[in-house]
Amino acid sequence: MSELDELYQEVILDHNKSPRNYRIMNDANRKAEGYNPLCGDHVTVYLHLKDGIIQDVSFQGSGCAISKASASMMTAELKGKTEAAAQELFESVHKMLTGEASANAATEKVGKLKILSGVCKFPARVKCASLAWHTVNAALHGDSQPASTE
Ligand code: ZN
């Protein structure tokens, strides 16, 4: 394992151990549930939107380390972003995770989230990492159906 991989793993383990914004939000005005049947990951994402800006974002759920760390990192990145910027970030992260975009092109746009880019080498884990993103996307669109990675 390279030093960089080790660093990335440390960050993921840290987010898993002490997830950021891990709570139920009582004044959320958007909310969506997501499920990844392949791994059994379950997540609920809460948003408080005002004037097109994500004032607050939080999540709760149960799942593997990757799904939890990804959700934690996502909430840290999304707070204060406009809906449009959040949408753009979702697209960039999705492309990075599925390996659709070249690592360099994608990581330029996603900033700290490039830590998750190593996941695309493990196809079974891609859905774990993208679950929270699909879920927040559903919340932004006001979908009432739970988001699924299938
Ligand atoms: Zn998982």
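Details of the structure are given in the entry above.
Residues numbered from 1 in each chain as written. Predicted model: local features only at pLDDT ≥ 70, side-chain atom pairs only at ≥ 80, totals over all residues. Heavy atoms only, no water.

## Remarks on the packing of helix α2 (residues 65-78) against helix α5 (residues 123-141)
Following both chains from N to C, one finds α2 and α5 inclined at 35°, their axes separated by 8 Å at the closest point. For α2 against α5, the interelement crossing comes out right-handed. Between α2 and α5, the residues in contact are Ile66, Ser67, Ser70, Ala71, Met74 and Leu78 and Arg125, Cys128, Ala129, Ala132, Trp133 and Val136, respectively. Partitioning the contact of α2 with α5 into residue classes produces nine nonpolar, two polar and one charged. (Axes fitted to C-alpha atoms, helices over the stretch in contact; angles between N-to-C directions. Helix = DSSP H or I, 4+ residues; strand = E, 2+ residues; numbered from the N terminus. Left-handed = near helix turned anticlockwise from the far one by under 90°. Contact = heavy atoms within 4.5 Å. Nonpolar A, V, L, I, M, F, W, Y, C, P; charged D, E, K, R; others polar.)

## Remarks on the coordination of the zinc ion
At the metal site, the zinc ion is ligated by Cys39 (SG), Asp41 (OD), Asp41 (OD), Cys64 (SG) and Cys128 (SG), and these contacts range over 2.2 to 2.7 Å. Positions of the donor residues of the zinc ion, expressed as sequence spacing, correspond to C-x1-D-x22-C-x63-C. Of this pair, Cys39 sits in the loop between β1 (30-36) and β2 (41-50) while Cys128 is found in helix α5, placing the two residues 89 residues apart along the sequence. Its relative accessible area of 33% is what places Cys39 among the partly exposed residues. (Donors = N, O, S within 2.8 Å, 3.2 Å for Na, K, Ca; no water. Buried < 20%, exposed > 50% of the residue type's maximum accessible area, 1.4 Å probe, protein only.)

## Quick word on the nonpolar core
Counting residues in each nonpolar core, the largest one holds 39 residues, and the members touching the most others are Ile54, Leu78, Leu97, Leu113 and Trp133. Of all the secondary structure elements, the ones that give two or more residues to this core are α1 (3-17), β2, β3 (53-62), α2, α3 (83-98) and α5. (Core = buried A, V, L, I, M, F, W, Y, C linked by side-chain atoms within 4.5 Å.)

## What to know about the sheet that holds β2
Think of a sheet as strands paired side by side through backbone hydrogen bonds, with each pair either parallel or antiparallel. Across the sheet, four strands lie side by side as β3-β2-β1-β4; this open sheet has mixed pairing. Either end of the sheet is taken by a strand with one partner, and the two such strands are β3 and β4 (147-148). Where β1 lies against β4, two bridges are found, and the strand directions are parallel. Looking across to β4, one finds that Tyr35 is bridged to Ser148. Each of β2 and β3 is contacted by α2, which is oriented at about 170° to β3, the strand it contacts most. Contacts between α5 and the sheet are confined to β1, β2, β3 and β4, with β1 contributing the most and set at about 150° to the helix. (Pairing = 2+ DSSP bridges.)

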